[in-house]
Amino acid sequence: MDYEALDFYEVDSLLSDEERMVRDMVRDWVDEEVIPNIENACREGIFPDEWRVALGEMGVLGAPLKGYDCPGLSYTAYGVICRELERGDSGLRSFASVQGSLAMYPIWDFGSEEQKMHYLPKMASGEWIGCFGLTEPDYGSNPGDMITKAEEMEDHYILNGAKMWITNGTMADLAVVWAKLDGVIRGFIVEKNDPGFSAPEMKGKHSLKASVTSELVFQDCKIPKDRILPGVKGLRGPFSCLNNARFGISWGAIGAAQACFYSAKDYALSRIQFDHPIASYQLVQNKLSWMLREITKAQLLAYHLGQKKDDGKWIPEHISLAKMNNVDIALEIARVARDIHGANGILDEYPVMRHMANLESVKTYEGTHDIHNLILGRHITGIQSFTREI
Amino acid sequence: MNIAVLLKQVPDTTAKITISNGKVDENSVSKWSMSPYDEYALESGLKMKEATGGNLIAITCGPERTKKMLTDAAAVGADTLIHISEDKVLDSTQVQNLLATVINNNEIEVVLCGKQAADTNAGSTGPGVAEILDAACVTMVSEVSFSENSFISVRPSNTGTEKVSTSGISVFTFDKGLSELRRPNVRGIMMAKKKVIETIKPEELGLGEDSDRIILQTQDSPAEKEPGQIFEGVGEIPTIVSKLRNEANVI
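Residues numbered from 1 in each chain as written. Chains lettered and ligands numbered in written order. Predicted model: local features only at pLDDT ≥ 70, side-chain atom pairs only at ≥ 80, totals over all residues. Heavy atoms only, no water.

J.: An account of the overall build of chain B is needed here, citing residue identities and associated values.
T.: A count of helices and strands for chain B gives six helices and 14 strands. With the C-alpha coordinates of chain B rotated into their principal frame, the extents come out at 70 × 45 × 40 Å. Across the 251 residues of chain B, 39% fall into the buried class. In chain B, of all internal contacts separated by at least 6 residues, the share reaching a separation of at least 24 is 69%. Accessible area for chain B stands at about 14300 Å²; split by element, carbon and sulfur atoms hold 48% of it. (Helix = DSSP H or I, 4+ residues; strand = E, 2+ residues; numbered from the N terminus. Buried < 20%, exposed > 50% of the residue type's maximum accessible area, 1.4 Å probe, protein only. Contact = heavy atoms within 4.5 Å. Areas by Shrake-Rupley, 256 points an atom, 1.4 Å probe, with all protein chains shown as cover.)

J.: Describe the overall build of chain A, with residues and values.
T.: Of the regular secondary structure elements, chain A holds 11 helices and nine strands. Against the 2.2 N^0.38 benchmark of 21 Å for 390 residues, chain A shows a C-alpha radius of gyration of 21 Å, consistent with a compact globule. Overall, the C-alpha framework of chain A stretches about 80 × 50 × 40 Å when taken along its three principal axes. Out of the 390 residues belonging to chain A, those deemed buried represent 56%. If you take every contact in chain A between residues at least 6 apart in sequence, the share linking residues at least 24 apart comes to 76%. As displayed, chain A offers around 16700 Å² of accessible surface, 51% of which is attributable to carbon and sulfur atoms. (Rg over C-alpha atoms; globule rule 2.2 N^0.38 Å.)

J.: Account for the packing of aromatic side chains, naming residues and giving values.
T.: Residues and elements named next belong to chain A. In this structure the tally under the stated criterion is 15 aromatic pairs over all chains. Plain terms: the ring middles of Tyr-75 and Phe-247 are 5.8 Å apart, the flat faces sit at 85° to each other, and that makes the pair edge-to-face. Taken together, the residues span a long stretch of sequence, with Tyr-75 in helix α4 (residues 75-88) and Phe-247 in helix α7 (residues 236-270) at a distance of 172 residues. For the pair Tyr-75 and Phe-247, one class covers both residues: buried. What links up through ring pairs into an aromatic cluster is the set Phe-47, Trp-51 and Phe-95. Taking the ring centre of Tyr-75 as reference, the NZ or CZ of Lys-309 above it sits at 4.0 Å. (Phe/Tyr/Trp six-rings, centres within 6.5 Å; stacked < 30°, edge-to-face > 60°. Lys NZ or Arg CZ within 6 Å of the ring centre and 35° of its normal.)

J.: How would you summarise the sheet that holds strand β8 (residues 110-114) of chain B if you had to cite specific residues and measurements?
T.: All names here are of chain B. Taken in spatial order, the seven strands line up as β9-β13-β8-β1-β6-β7-β14 in an open sheet, and their pairing is parallel. Strand pairing shows two members of the sheet lacking a second neighbour, β9 (136-141) and β14 (197-200), which therefore form its edges. The average undirected angle you get between the axes of adjacent strands in this sheet is 20°. Bridging between β9 and strand β13 (residues 170-174) involves four bridges; their strand directions are parallel. Residue pairing across strands places Val-141 opposite Phe-174, the latter belonging to β13. (Pairing = 2+ DSSP bridges. Axes fitted to C-alpha atoms, helices over the stretch in contact; angles between N-to-C directions.)

J.: I'd like to hear about the environment of Glu-204 of chain B, residue by residue, with values.
T.: Residue and element names in this part refer to chain B. Here Glu-204 is to be found in the loop between β14 and α6 (237-246). Accessibility expressed as a relative area gives 57% for Glu-204, which makes it exposed. Through-space distance from the C-alpha of Glu-204 to that of Leu-98 is 9.6 Å; in sequence the pair is 106 residues apart.

J.: Kindly report on the domain arrangement of chain A, identifying the contributing residues and their values.
T.: Residue and element names in this part refer to chain A. Considered domain by domain, chain A is made up of domain 1 (11-124), domain 2 (130-227) and domain 3 (236-381). Of note, the centres of domain 2 and domain 3, computed from C-alpha atoms alone, are 30 Å apart. Roughly 760 Å² of surface becomes buried between domain 2 and domain 3 when both sides are summed, with 75% attributable to carbon and sulfur atoms. Its residues assigned to classes, the side of domain 2 that touches domain 3 comprises five nonpolar, three polar and one charged. (Domains from an automatic or database assignment. Buried area = accessible area lost by both parts, 1.4 Å probe. Nonpolar A, V, L, I, M, F, W, Y, C, P; charged D, E, K, R; others polar.)

J.: Describe the environment of Asn-40 of chain A, listing the residues and the values that go with them.
T.: Relative to the helices and strands, Asn-40 of chain A resides in helix α2 (residues 38-44). According to the relative accessible area criterion, Asn-40 of chain A is partly exposed, its value standing at 41%.

J.: An account of the nonpolar core is needed here, citing residue identities and associated values.
T.: In this structure, Trp-29 and Trp-178 of chain A are the most contacted members of the largest nonpolar core, which totals 153 residues. No other element matches α7 of chain A, which puts 15 residues into this core. What Trp-29 of chain A contacts, discounting residues up to four positions off in sequence, is Val-34, Trp-51, Ala-54, Leu-55, Met-58, Leu-85 and Leu-92 of chain A together with Arg-183 of chain B. Ranked by size, the runner-up nonpolar core spans 24 residues in total, among them Leu-6, Ile-59, Ile-108 and Leu-205 of chain B. (Core = buried A, V, L, I, M, F, W, Y, C linked by side-chain atoms within 4.5 Å.)

J.: Quick rundown of the side chain of Thr-213 of chain A? Include the residues and the values.
T.: All names here are of chain A. Take Thr-213: it is sitting in strand β7 (residues 213-224). Polar side-chain contacts of Thr-213 include one of 2.8 Å to the side chain of Lys-205. What Thr-213 contacts, discounting residues up to four positions off in sequence, is Trp-165, Ile-166, Thr-167, Glu-201, Met-202 and Lys-205. (Polar contact = N/O pair within 3.5 Å; in protein donor to acceptor, adjacent residues only side chain to side chain.)

J.: Describe empty space enclosed by the protein, with residues and values.
T.: All names here are of chain A. The final tally for this structure, using the stated rule, is one cavity of 30 Å³ or more. Roughly 40 Å³ of volume is contained in the largest cavity. Around the largest cavity, the lining residues are Gly-62, Pro-64, Leu-65, Tyr-75, Tyr-78, Gly-100, Ser-101, Tyr-105 and Asn-244. Examining the composition of the lining of the largest cavity, we find that three residues originate from one element, helix α5 (residues 90-110), more than from any other. (1 Å grid on protein atoms, 1.4 Å probe; cavity = no way out; pocket = protein on both sides within 12 Å on 5 of 7 lines; lining within 4 Å. Points joined across faces, edges and corners; volume = space filled by probe spheres on them.)

J.: I'd like a description of the pattern of salt bridges, backed by residues and values.
T.: Residue and element names in this part refer to chain A. Taken as a whole and judged by the stated rule, the model has 38 salt bridges over all chains. Where Lys-192 meets Asp-173, a salt bridge forms, and the shortest distance between an N and an O atom there is 3.2 Å. Taken together, the positions of Lys-192 in the loop between β5 (184-191) and β6 (197-198) and Asp-173 in the loop between β3 (156-167) and β4 (174-181) put the pair 19 residues apart, joining distant regions of the chain. Ionic pairing is found between Arg-293 and Glu-294, a salt bridge with its closest N-O pair at 3.6 Å. The class for Arg-293 is partly exposed, based on a relative accessible area of 48%. What emerges from the salt-bridge pattern is a single network uniting Asp-12, Arg-23, Asp-24, Arg-27, Arg-83 and Glu-84. (Salt bridge = Lys/Arg side-chain N within 4 Å of Asp/Glu carboxyl O.)

J.: I'd like to hear about helix α9 (residues 316-340) of chain A, residue by residue, with values.
T.: In this model α9 of chain A runs 36 Å from its N-terminal to its C-terminal C-alpha over 25 residues, within 8% of the 36 Å that 1.5 Å per residue would give. One or two steps after α9 of chain A, the chain reaches Gly-342 of chain A, where phi turns positive at roughly 60°. (Expected span 1.5 Å × (residues − 1).)

J.: Break down the packing of α7 of chain A against α9 of chain A for me, with residues and values.
T.: Residues and elements named next belong to chain A. The N-to-C vectors of α7 and α9 enclose an angle of 20°; their axes lie 8 Å apart at closest approach. By the angle between their axes, α7 is roughly parallel relative to α9. The way α7 lies across α9 gives a crossing that is left-handed. Facing Asn-243, Arg-246, Phe-247, Ile-249, Ser-250, Ala-253, Ile-254, Ala-257, Cys-260, Ala-264, Tyr-267 and Ala-268 of α7, the residues of α9 in contact are Pro-316, Ile-319, Ala-322, Lys-323, Asn-326, Val-327, Ala-330, Ile-333, Ala-334, Ala-337 and Ile-340. (Parallel < 35°, antiparallel > 145°, perpendicular 65-115°, else oblique. Left-handed = near helix turned anticlockwise from the far one by under 90°.)

See the structure below:
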């Protein structure tokens, strides 16, 4: 049966023709190449290399970036791409988010002209994979206190420290690493063969199994002087990247929720208990209509945020609200969808348990659910509540 | 070389079809797509264009919605887009006449199309256009190439496959081939957006009001399938055998 994306309010009719064509391109690819292979990829714990190649060939990596052979699409189109990819799997969308928003974007915005010309075309084509090193074992929600540091030598920098939970790390050709230089957070481009750099993979995940997650280890890692990102100092650098990635997640989560709704509806209509399809029972209908309600609201939120992003009239708090809400409802929808599937819901014959497990990560990464609440709390009251003297 | 690909937009093969007042209700079709065999013709046209440095002209006839299919064709590489704009459902002969006129007006040397459209399955467009153009016509081909002033096509024969060589203006109708269909990419989509679609009215091509010759009387949904029967246990075997022999007539 062909996938029919839930779009109760026809929000996609507000997209431009170009955005719809991009949607169809990605949706068809996900149908043909991702859905048939995703469970195997998860079982083996690999990100299939064909997917990297195809994303590069379709030209969707770094979607909203302009110039340097980047796609130059709207932010709304970027959101649509994330949604369609995450309908397949959150790990797949994570790959694209990290490549585009977390690795290409900082080079595009804060890099030197030489860095842009050198890295961006090959990253847009998927030839080079990037990753983003911010989080450390002891500094997750509080990246400002990171301990990875850079020292300036005569003709090079020396990096020391470790990053953790780095999507794409082991497979990456380059890492955008945030480290303190004389106490100030700066961005550095580290290439995979730089001396003193290693990226061991983290194993044993119950979530995002088709995505590579790694540590980045720097032991007197020596990089040339021209690898510092000249255009930014302080937390603004990594936070600008996260804003874009979180924007993509607010759309992506809808894709996962749509996939769960679609599977739950199909299952409820075909599963017979007490002589009737379970879709005919009020409790199940109540669950389905709740899903429809939340997905529709999330779609409107994401679309409006996309317009604001394209118009340049947005603040980070707008993105926090959408990321937090849309991932939250997607996770709850995945759980309810699993419930509707009964025992069958735990099998990999259905996508719901996979999405559910993935979304647990998505709820936590790129600013946890709670941290986004605190960002909004600060916006409302003017009082930050992240830290205090105890 | 000017290469024409004739495209038809049809209800997607997964779309639900409803009948109202004895006709397919087009408004109820949720998704329209390029007819699948036409996709193979388009792919072959793109390959020929790349090999010969030719100009690929995508032509369709139909209402406003069919323009999207031309833009989709441009996204994978069609150079020129021609839309014969007609809201009415025309009969096969009328469509063939319109297409043949456009082909004549554009100095086209080779015409590619699907062997049949996925909606009517009539299979008359290719041969009909060839007849009007007085062109060579090879049907059910899986690939076509151009070398030394002739077209070489491959089609099934009762011994396997056969290669057919044609010269002069030639029409090829495509079956599902081995070639993988290319996907669009973002760059193609952005270029396609800028492509101008040339729109022509049937009157400009000389189609008069009086040329309706075939009239579609009514359309019906397929008959409902009778529900299946389930038999369980060894004891039911004689019943099953008897039913297969006497009712289904399969053994």
